[in-house]
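Structural characterization, general
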Amino acid sequence: MKKYDVTGIGNALVDIEFKVKDQFFTDNGVEKGLMTLVDEDRQNALMAVINTEEAKKQCGGSAGNTVIAISQFGGKSYYSCKVANDELGHFYMNDMKDAGVSHNLNESSLAEGITGKCLVMVTEDAERTMNTFLGITQTYSTADVDEAAIKDSQYLYIEGYLITSENGKQAMKHAKKIAEDNGVKVALTFSDPAMVKYFRDPMTEVIGASVDLLFANEEEAMTFTGKDNLLEAREELKKVAKHFVITQGKNGAMIFDGDTFIDIEPYATTAIDSNGAGDMFAGAFMYGITNGHSYASSGKLASMASSKIVSQFGPRLQWHEAKDILARLNP
């Protein structure tokens, strides 16, 4: 028995989420629908024109959201990340503890610097736009990878956003090698269409011969494979992933279980905020496959959970909501 179901690595960011009108993007020169890396001055300028009292603050980042989801469903997760010795760094550490996620952060050894922040702007069409200042997580490197935690896990989960820096890419490769050398399965998420559009070659380098499990949405799958339709893209993905999930928004998802494709039906919902939907899908799915559920059952759980996430503001379930979803899966 492994101590953890999943150990995740990724950018530790405090998410500051707020609602905006489309005019906000025009007025402030923000490109809608994408994750854009910005410097601290640019982020502070945006924060100066928002109503921070109405903003929702939580520890996050893509892999952070996923390992929290695993914990909320009753799984055992660990997060290997980096925050600074500042107010938001301590907030992040305490929020992870409250979420039941083990981690490598130690109050007495946090480095000096600035903890990363992600401004998540949600419009009335439920689309999320992110402006991210990475702060100290931009220096995440092989030294921050917790080898012992990876060895004691069923899965390593790698966040695609790490690919934007050379040290992040090396950390991804280092963690993957530790996992492979110790019989630990490797899951990777592309995280964002921009990661495969602008960092396709480094991402391919990290994937190497293959990964055990890949998460992508439709756009990411087609961009990475260079195909203009999903049927061709999914055949190409078989060359780099033993199993994979392609999320399709309101159309559900498709799963390749190593032999066949499984269509996962969507659950009817009224979308108000898409932020964290993919992270939640990955978390619920990985909870399922590491806790005795089939790929089909895990996909159903993930679809139920992500439909709940998009119907509310913020990327995280309440504890009772996770229990309710599990109860619906296993009546």
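The chain is annotated in an unreviewed UniProt entry as Sugar or nucleoside kinase, ribokinase family of Algoriphagus winogradskyi. Recorded under Sequence similarities (unreviewed entry), the UniProt text for the chain is reproduced unchanged: "Belongs to the carbohydrate kinase PfkB family."

Details of the overall build of the chain
When you go through the chain residue by residue, the secondary structure sums to 13 helices and 14 strands. Relative to a compact globule of 331 residues, whose C-alpha radius of gyration would be 20 Å, the chain shows 18 Å and is just as compact. Looking at the chain residue by residue over its 331 residues, the buried ones come to 58%. Sequence-distant contacts in the chain: of pairs separated by 6 or more residues, those separated by 24 or more amount to 75%. Here the chain displays about 13800 Å² of accessible surface, and carbon together with sulfur accounts for 47% of that area.

What about the nonpolar core?
Membership of the largest hydrophobic core comes to 61 residues, with the highest contact counts inside it found for Phe-73, Tyr-79, Tyr-92, Leu-213, Phe-215, Phe-285 and Met-286. Cys-118, Met-130, Ala-221 and Ala-241 belong to the second-largest nonpolar core, a separate cluster that totals 45 residues.

Description of the pairing of strand β14 (residues 261-264)
Side chains Ile-262 and Ile-264 project from β14 onto a buried face, and the interleaved Phe-261 and Asp-263 project onto a face without burial. Sheet topology note: the strand β13 (residues 253-256)/β14 ladder contains four bridges and is antiparallel. Counted as the bridge partner of Ala-253 is Ile-264 from β14. Linking β13 to β14, which pair antiparallel, is a turn of four residues; within it Gly-258 sits at a positive phi near 105 degrees.

Here's the deal with the sheet that holds strand β9 (residues 153-159)
Strand pairing in a sheet takes place through backbone hydrogen bonds and is either antiparallel or parallel in direction. The strand order across the open sheet built from nine strands is β6-β5-β1-β9-β10-β11-β12-β13-β14, with neighbouring strands paired in mixed fashion. Strand pairing shows two members of the sheet lacking a second neighbour, β6 (102-103) and β14, which therefore form its edges. Direction of pairing for strand β12 (residues 241-247) relative to β13: antiparallel, over a ladder of four bridges. Paired with Thr-247 across the bridge in β13 is Ala-253. Contacts from helix α9 (residues 218-225) reach β11 (211-217) and β12, with the element oriented near 115 degrees to β11.

Some details on empty space enclosed by the protein
Think of a ball as big as a water molecule: rolled over the atoms, this probe shows where empty space is left. Under the defined criterion, the tally for this structure stands at two cavities of 30 Å³ or more. Estimated volume of the largest cavity: approximately 40 Å³. As for the largest cavity, its lining consists of Asn-65, Ile-68, Ala-69, Gln-72, Met-280, Pro-315 and Arg-316. Looking at the lining of the largest cavity residue by residue, the class counts come to four nonpolar, two polar and one charged. Considering the residues around the second largest cavity, the lining is formed by Asn-11, Leu-134, Thr-137, Gln-138, Tyr-161, Leu-162, Thr-164 and Ser-165. A class-by-class count of the residues in the lining of the second largest cavity yields three nonpolar, five polar and no charged.

Reading guide: rules and limits
- Residues numbered from 1 in each chain as written.
- Predicted model: local features only at pLDDT ≥ 70, side-chain atom pairs only at ≥ 80, totals over all residues.
- Heavy atoms only, no water.
- UniProt positions renumbered as here; feature names shortened; annotations may be inferred.
- Helix = DSSP H or I, 4+ residues; strand = E, 2+ residues; numbered from the N terminus.
- Rg over C-alpha atoms; globule rule 2.2 N^0.38 Å.
- Buried < 20%, exposed > 50% of the residue type's maximum accessible area, 1.4 Å probe, protein only.
- Contact = heavy atoms within 4.5 Å.
- Areas by Shrake-Rupley, 256 points an atom, 1.4 Å probe, with all protein chains shown as cover.
- Core = buried A, V, L, I, M, F, W, Y, C linked by side-chain atoms within 4.5 Å.
- Pairing = 2+ DSSP bridges.
- Axes fitted to C-alpha atoms, helices over the stretch in contact; angles between N-to-C directions.
- 1 Å grid on protein atoms, 1.4 Å probe; cavity = no way out; pocket = protein on both sides within 12 Å on 5 of 7 lines; lining within 4 Å.
- Points joined across faces, edges and corners; volume = space filled by probe spheres on them.
- Nonpolar A, V, L, I, M, F, W, Y, C, P; charged D, E, K, R; others polar.

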